Amino acid sequence: MAEQVADYVLHRLTEWGVERVYGYPGDGINGMLGAFDRAEGSPEFIQTRHEEMAAFMACAHAKFTGEVGVCAATSGPGAIHLLNGLYDAKLDHQPVVAIVGQQKRLAQGTHYQQEVNLENLFSDVSEFCQIVMAPGQMRHVIDRAFKTALTTRGVATIIVPEDVQEAEAVPSPPKEHGSVYSSVGWSRPRVLPNKKELQKAARILNEGERVAMLVGQGAADARAELVETAELLGAGVAKALLGREVLPDDLPFVTGPIGLLGSKASDEMIMNCDTLFMIGTSFPYAEWLPDEGSCKGVEIDIDGRMIGIRYPMDAHLVGDAKETLRELIPLLERKEDRSWREQIEENVRAWDAVMAKRAGQSFEGKVNPQAVAHEVSPLLPDGAILTADSGSATNWWARHIKVRDGMRASLSGTLATMGPGVPYAIAAKFAYPDRPVICFVGDGAFQMNGMNEMLTVKRYADRLGGSPPLVFAVFNNRDLNQVTWEQRAMGGDPKFKGSQSIPDFPYAKYAELCGLKGVYCDEPDKVTSAWKEALASDRPVVLEFVVDDEIAPIPPHIMKDQAKKTLKAGLRDPQKIGMAARGFRQKLTEMYESMPGRKHDS
């Protein structure tokens, strides 16, 4: 039998280095499924439980490997299901290629079953979207999709009608007018700002007496250069959530996360700096950045469309972070006055003390969710990959986990959607089977779609299990907790049980039903032992912590308006007594550790 277009697609994917495609079957991609069978695992089709999960896994593959992630779905509803995961890739600037089916060419335009205008549907999420109407198109459409995804760090979508999938392949189109001949291959460009702007940036940074650096995932390859720059400038470094792994948290001048989920040390540094230096981040929240005009600004970003749109900058360095810093460093002067750096490091030590004491508090015999993250941090194996979902558990993941050198960490940063924590972890384990992978997920996100993917883990347990471990830590508080606190602080409304309370469920027992290991903990003094048991497992683990839902994710500084609304909500809230007791003790801890003259051990 002659090679079909579908077979050629998989052959071309392997030439682009693709080893696995995440997806879910449907008759709109029957031709592709037959080709996957014939390909015998090169590339491999990984069956998820839902197309959205396939797109999340493709995004995670891109995040953790730097390669293009690939997902596939059938026409109509299957294609629609991909969208949330693809938007996660778009907003976090990750190269992903989606391959979706479509009705036969003959049927298009007839309002046929499952016929959706996929080009319109994917037009916003995609940097490149093309329907393949002739077999000879397939070669250059695939090549352009990969080149576009890599160049724009975005999503490219290939739409293949059923009859095109099953048609005879045309690896090389006829040499005639209209034909093009594409190639496999791409290289990352070297992008540098102009010298005058570099000199301007250096002058501003040299003149600054209190320089604060804010870094994101765009600076991931510039670790050594960031450390050298911070040392020269006597600066501290705060990290956007997508930049958690850029610098290890055990460096004394790294202040940790910034923003609502951030640290007091980051907040103090950013609010008191006279020069803000942003590198590879588009952190958007103005309330956590300096007041306009209060300081000078320098920014490095590879995308000129995004530079100087978060804070008014005085120097705009459009370029790759690593390459730009290499050009900038020789122009910087080492600051002899180290008092600003010393104050930053003392603030970091004070915040660490606050975190330890907050995590050590328990109320009414309930597990403190902060302790779940705090106690595992020193236990994490070297090289661990950490994923997080969106919810109140993300606060504790951001604040209490110390990311060490060699660790990886990511989450849905810009879309901040519920649901990616589990598929991120699965994709990370497929990509790095010899590394430990730990997912932090709330019970809301786990119920939404994470539980189903335990069946995916079961299906591939021979590859996802064993040692080092794959652990899904579930924060069971029977509440959509982050939104509950946002209702109080932003809406001034008490907790609305009708929308916020969710069913209790035995997650650890469910894991055992799936053939996985379940570990259950509802006692404060057993948190560490529960983690040790999970991390020593030779099977994938669902580690269920029944945690206190009344501990607020207190921001580094409390906005006056939010304080008023929280107080108003608290007067009518069904949990007002617990909220008040916990909030007072947690805030009192911070006030005590921040007292003037109090010193903290490193």
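Predicted model only: the values in this text are computed from it and were never measured.

Student: Where do I start with the sheet that holds strand 4 (residues 96–102) in this structure?
Tutor: Backbone-to-backbone hydrogen bonds pair the strands of a sheet. The strands run either parallel or antiparallel. On the basis of which strands lie adjacent, the open sheet formed by 6 strands has the order 2-1-3-4-6-5 and parallel pairing. Two strands close off the open sheet at either side, each with one partner strand: strand 2 (44–47) and strand 5 (126–131). Geometrically, the sheet is characterised by an average inter-axis angle of 25° between neighbouring strands, direction not taken into account. For strand 3 (residues 69–73) and strand 4, the ladder comprises 5 bridges, and the chain directions are parallel. What sits directly across from cysteine 71, in strand 4, is alanine 98.

Student: Is there a simple way to think about the pairing of strand 10 (residues 275–279) in this case?
Tutor: Residues in a regular strand project their side chains so that they alternate between the two faces of the sheet. The element strand 10 is extensively covered by neighbouring structure, given that 5 of its 5 residues are classed as buried. Of the two faces of strand 10, the one lined by Thr275, Phe277 and Ile279 and the one lined by Leu276 and Met278 are each fully buried. Strand direction decides the pairing type here: strand 10 and strand 11 (residues 296–301), joined by 5 bridges, are parallel. Its bridge partner lying in strand 11, methionine 278 is registered against glutamate 299.

Student: Even after reading the chapter, I still don't get the packing of helix 10 (residues 223–233) against helix 12 (residues 321–328), so can you show me in this structure?
Tutor: How two helices pack is summed up by the angle between their axes together with the distance between the axes. Viewed as axis vectors pointing N to C, helix 10 and helix 12 meet at an angle of 40°, and their least axial separation amounts to 9 Å. Seen along the crossing, helix 10 lies across helix 12 with a hand that is left-handed. Taking contact as the criterion, the partners of Glu225, Leu226 and Thr229 in helix 10 are, on helix 12, Lys322, Leu325 and Arg326. Grouping the constituent residues of the contact of helix 10 with helix 12 by class yields 2 nonpolar, 1 polar and 3 charged.

Student: How should helix 1 (residues 5–15) be read in this particular structure?
Tutor: For the α-helix, the turn length of 3.6 residues means that residues three or four positions removed from each other point alike. Judged by how many residues are buried, helix 1 sits mostly within the fold: 8 of 11 residues are covered. Packed against the buried residues of helix 1 are strand 1 (20–23), helix 2 (30–39), strand 4, helix 7 (138–152) and helix 8 (162–166). Glycine 17, located one to two residues past helix 1, shows a positive phi value of around 90°.

Student: Before we go on, may I ask you to explain the packing of helix 9 (residues 195–207) against helix 12 in this structure?
Tutor: Here helix 9 crosses helix 12 at 70°, and the two axes come no closer than 10 Å. It follows that helix 9 is roughly perpendicular to helix 12 by the angle criterion. Residues Leu198, Ala201, Ala202 and Leu205 of helix 9 touch helix 12, and the partners they reach there are Thr324, Glu327 and Leu328. When grouped by side-chain class, the residues that make up the contact of helix 9 with helix 12 number 5 nonpolar, 1 polar and 1 charged.

Student: What is the right way to look at helix 16 (residues 421–431) in this model?
Tutor: Of all 11 residues in helix 16, 10 are buried, a share of seventy percent or more. If you check which residues of helix 16 are buried, you get Gly421, Val422, Pro423, Tyr424, Ala425, Ile426, Ala427, Ala428, Lys429 and Phe430.

Student: Any chance you could explain the pattern of salt bridges here in plain terms?
Tutor: Any two side chains of opposite charge can pair, on the condition that their charged atoms come close. Scanning the entire structure with this criterion turns up 31 salt bridges. The salt bridge involving aspartate 143 is made with arginine 12; its shortest N-O contact spans 2.7 Å. Placement of the pair is aspartate 143 in helix 7 and arginine 12 in helix 1, with a sequence separation of 131 residues. Residue aspartate 143 shares its accessibility class with arginine 12, and that shared class is buried.

Criteria and thresholds
Residues numbered from 1 in each chain as written. Predicted model: local features only at pLDDT ≥ 70, side-chain atom pairs only at ≥ 80, totals over all residues. Heavy atoms only, no water. Pairing = 2+ DSSP bridges. Helix = DSSP H or I, 4+ residues; strand = E, 2+ residues; numbered from the N terminus. Axes fitted to C-alpha atoms, helices over the stretch in contact; angles between N-to-C directions. Buried < 20%, exposed > 50% of the residue type's maximum accessible area, 1.4 Å probe, protein only. Left-handed = near helix turned anticlockwise from the far one by under 90°. Contact = heavy atoms within 4.5 Å. Nonpolar A, V, L, I, M, F, W, Y, C, P; charged D, E, K, R; others polar. Parallel < 35°, antiparallel > 145°, perpendicular 65-115°, else oblique. Salt bridge = Lys/Arg side-chain N within 4 Å of Asp/Glu carboxyl O.

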